[in-house]
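# Descriptive structure summary
Residues per chain, in single letters:
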Amino acid sequence: MREIIRLACTECKNRNYTTTKNKKTMQGKLELKKYCKHCNKHTLHRESK
């Protein structure tokens, strides 16, 4: 039931990370604060298509 999703930086829009998510238990989009190597700082990363 887990699906692979990609996380994109909200500032530079680059897709930096991949992770898995259980679609049955988490209905909304995943948001994590991760390090972006293009921005050189910690930024909010959101689930993208």
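Scroll up to find the structure.
What you see is a predicted model; the values in this text were computed from it and never measured.

## Side note on the side chain of histidine 45
Counting through the fold element by element, histidine 45 comes out in strand β4 (residues 41-48). Overall, the relative accessible area of 0% leaves histidine 45 in the buried class. A distance of 3.1 Å separates a polar side-chain atom of histidine 45 from the backbone oxygen of threonine 43.

## So, the side chain of serine 48
With respect to the helices and strands, the residue serine 48 is situated in strand β4. What makes serine 48 buried here is its relative accessible area of 18%. For serine 48, the side chain forms a polar contact with the side chain of arginine 15, separated by 3.1 Å. With residues near it in sequence (within four places) discarded, serine 48 still touches Arg6, Ala8 and Arg15.

## Some remarks on the pairing of strand β1 (residues 2-9)
Of the strand pairs in this sheet, β1 and strand β2 (residues 15-22) are connected by seven bridges, and their pairing is antiparallel. Paired with isoleucine 4 across the strands is threonine 20, a residue of β2. Counted between consecutive antiparallel strands, the loop separating β1 from β2 contains five residues, among which lysine 13 sits at a positive phi close to 65 degrees. Where β1 and β4 come together, four bridges link them in antiparallel fashion. Counterpart to leucine 7 in the pairing with β4 is glutamate 47.

Reading guide: rules and limits
- Residues numbered from 1 in each chain as written.
- Predicted model: local features only at pLDDT ≥ 70, side-chain atom pairs only at ≥ 80, totals over all residues.
- Heavy atoms only, no water.
- Helix = DSSP H or I, 4+ residues; strand = E, 2+ residues; numbered from the N terminus.
- Buried < 20%, exposed > 50% of the residue type's maximum accessible area, 1.4 Å probe, protein only.
- Polar contact = N/O pair within 3.5 Å; in protein donor to acceptor, adjacent residues only side chain to side chain.
- Contact = heavy atoms within 4.5 Å.
- Pairing = 2+ DSSP bridges.

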